[in-house]
Amino acid sequence: MTKIKLCGLSRPQDIQAANELRADYIGFVFAPGSRRYVSPRQALTLKSLLSPQIHAVGVFVYEEIEKVARLLNRGVIDMAQLHGGEDEDYIRHLRGLTGKPIIQAFRITSDRDVLRAESSIADHVLLDSGAGTGTTFDWALIRQIKRPYFLAGGLDIHNVKNAVDQLEPYAVDVSSGIETGGVKA
């Protein structure tokens, strides 16, 4: 069964909804330029409201490795999601500082991107259209991918069922598709 990740949560009512929906994962965005940004302190408060069965994922873009490891090791987040094109050295270094799972995000625009995702040394990969664009990519590019993946990019109530039926991803990652006026609805 496909797992569900609700990303970009920033308010107590977002956490309450995730708990009620029994999401498998939620995401806190730690990229300072993002409109979905939360501080580590906010994330810790929100995590305290989260059902223990739900994994909190921290989303980072070229963040200092030690800061990511600190948030993981202190239990603010359970997993790190790298969205900045971080390389294998970064992942190895982070893995050496913490034993927590790492998700590496890939922008999928060609077969070459799919091959890079398949060969990632991260624990999980996330396939996306871009950095929070709210649009889908050409799903035909990933029909033959061999490893399990999180599917992201433009998923909403109109296309997520079709995505799950067609692609059978490990998980779907929804963010802008559950927002109204820039706020989680």
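Residues numbered from 1 in each chain as written. Predicted model: local features only at pLDDT ≥ 70, side-chain atom pairs only at ≥ 80, totals over all residues. Heavy atoms only, no water.

1. A closer look at the pattern of salt bridges
Thinking step 1. Applying the stated criterion to the full structure yields nine salt bridges.
Thinking step 2. For Lys 5, the salt bridge identified is with Asp 173, shortest N-O distance 2.6 Å. Separated by 168 residues along the polypeptide, Lys 5 in strand S1 (residues 3-7) and Asp 173 in strand S8 (residues 171-174) bring together distant segments of the chain.
Thinking step 3. Using a relative accessible area of 0% as the deciding quantity, one classes Lys 5 as buried.
Thinking step 4. Since its relative accessible area comes to 7%, Asp 173 is described here as buried.
Thinking step 5. Asp 113 is the partner of Arg 116 in a salt bridge, and the nearest nitrogen-oxygen pair spans 3.2 Å. (Salt bridge = Lys/Arg side-chain N within 4 Å of Asp/Glu carboxyl O. Helix = DSSP H or I, 4+ residues; strand = E, 2+ residues; numbered from the N terminus. Buried < 20%, exposed > 50% of the residue type's maximum accessible area, 1.4 Å probe, protein only.)

2. Details of the side chain of Arg 147
Thinking step 1. Structurally, Arg 147 can be placed in the loop between strand S6 (124-128) and strand S7 (150-151).
Thinking step 2. Lacking a salt bridge, the buried Arg 147 has Asp 123 as its closest oppositely charged neighbour, with an N-O distance of 7.2 Å.
Thinking step 3. In terms of polar contacts, Arg 147 uses its side chain to reach the backbone carbonyl oxygen of Ala 117, at 3.3 Å.
Thinking step 4. Among the polar contacts listed, one links the side chain of Arg 147 to the backbone oxygen of Ser 120, at a separation of 2.8 Å.
Thinking step 5. Setting aside its immediate chain neighbours within four residues, Arg 147 contacts Ala 117, Glu 118, Ser 119, Ser 120, Ala 122, Asp 123, His 124 and Val 125. (Lys, Arg positive; Asp, Glu negative; His and termini not counted. Polar contact = N/O pair within 3.5 Å; in protein donor to acceptor, adjacent residues only side chain to side chain. Contact = heavy atoms within 4.5 Å.)

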